[in-house]
Amino acid sequence: MKGIVFTEFLDLVEDKFGLEMVDKIITQSKLATEGVYTSVGTYKFTEMLQLLQNLSLNTNITIDDLLLVYAEHFFSVLEKSYPDIMAEYKDPIEMLASIENHIHVEVRKIYPDAELPTFEILERTNNSIIMIYKSSRAMHHFGLGLMNKTFEYFDATASIVLEKIKEDGTEVKFTINKN
């Protein structure tokens, strides 16, 4: 997992819960890195999972809800870091439909060894899209948060239904209808 995901997560934890919480979740976790990350490094997903689990235990917020909040934070990072990519789209459905064939292609140019989820489009209209998310990391709520922020970015709203195809969350169907 790319280091930017770790550094931004710890920034979010500090912003929302304080520096003491950052120290606490790092100390409670068994991290080979000891919680030291660079944005361009690559680290094991198990470290992110430990940090999320410990934050959840200390805040009584579910991991899914923490991933939603983190995705909202991360979207703002993407918006600031990649305004040219964002400017290429005029509509949230168009942007979501381009994840695999454009956005992830651009991410791989910057981070060639990034392990990204896949999104398969089953159906698409001007106002709706049905996509299958697949990832061994089961961070579908992170994806849901990014989708929510995508609609917000375009001053639009949508109903997004998440349906687990596999109970462990490694395969999820998103049915998105623009309001």
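Everything here concerns the structure above.
Just so we're clear, the structure is a prediction, and the values are computed from it rather than from any experiment.

*Asks:* Got a minute to help me understand the overall build of the protein in this structure?
*Replies:* On a plain count of helices and strands, the protein comes out with eight helices and four strands. Counting helices and strands in the order they occur from the N terminus, the protein gives α-α-α-α-α-α-α-β-β-α-β-β. For 179 residues, the compact-globule formula gives about 16 Å, and the C-alpha radius of gyration of the protein, at 16 Å, lands near that figure. Across the 179 residues in the protein, those meeting the buried criterion constitute 49%. Considering only contacts within the protein whose residues lie at least 6 apart along the sequence, 59% involve residues at least 24 apart. Of the roughly 9500 Å² of accessible surface on the protein, 51% is carried by carbon and sulfur atoms. Here the protein contributes 17 positive and 28 negative side-chain charges, whose respective centroids are spaced 3 Å apart.

*Asks:* Is there a simple way to explain the environment of leucine 146 in this structure?
*Replies:* With respect to the helices, strands and loops of the structure, leucine 146 is situated in helix α8 (residues 140-153). Between the alpha carbons of leucine 146 and phenylalanine 75 there is a distance of 6.1 Å; along the sequence they are 71 residues apart. Excluding its chain neighbours within four sequence positions, the residues that come into contact with leucine 146 are Ala71, Phe75 and Leu78.

*Asks:* Would you mind going over helix α2 (residues 19-28) with me for this structure?
*Replies:* Along an α-helix, a turn takes 3.6 residues, which lines up residues three or four apart on a common side. Taken together, the buried positions of α2 are Met21, Val22, Ile25 and Ile26. Down the axis of α2, the smallest arc covering the buried residues is 130°, so these residues share one side. In α2, the exposed positions angled more than 90 degrees off the buried face are occupied by Leu19, Glu20, Asp23 and Thr27. Those residues of α2 that are buried lie in contact with α1 (3-17) and α3 (45-59).

Conventions adopted
Residues numbered from 1 in each chain as written. Predicted model: local features only at pLDDT ≥ 70, side-chain atom pairs only at ≥ 80, totals over all residues. Heavy atoms only, no water. Helix = DSSP H or I, 4+ residues; strand = E, 2+ residues; numbered from the N terminus. Rg over C-alpha atoms; globule rule 2.2 N^0.38 Å. Buried < 20%, exposed > 50% of the residue type's maximum accessible area, 1.4 Å probe, protein only. Contact = heavy atoms within 4.5 Å. Areas by Shrake-Rupley, 256 points an atom, 1.4 Å probe, with all protein chains shown as cover. Lys, Arg positive; Asp, Glu negative; His and termini not counted. Charge placed at Lys NZ, Arg CZ, Asp CG, Glu CD. Arc of directions from axis to C-beta.

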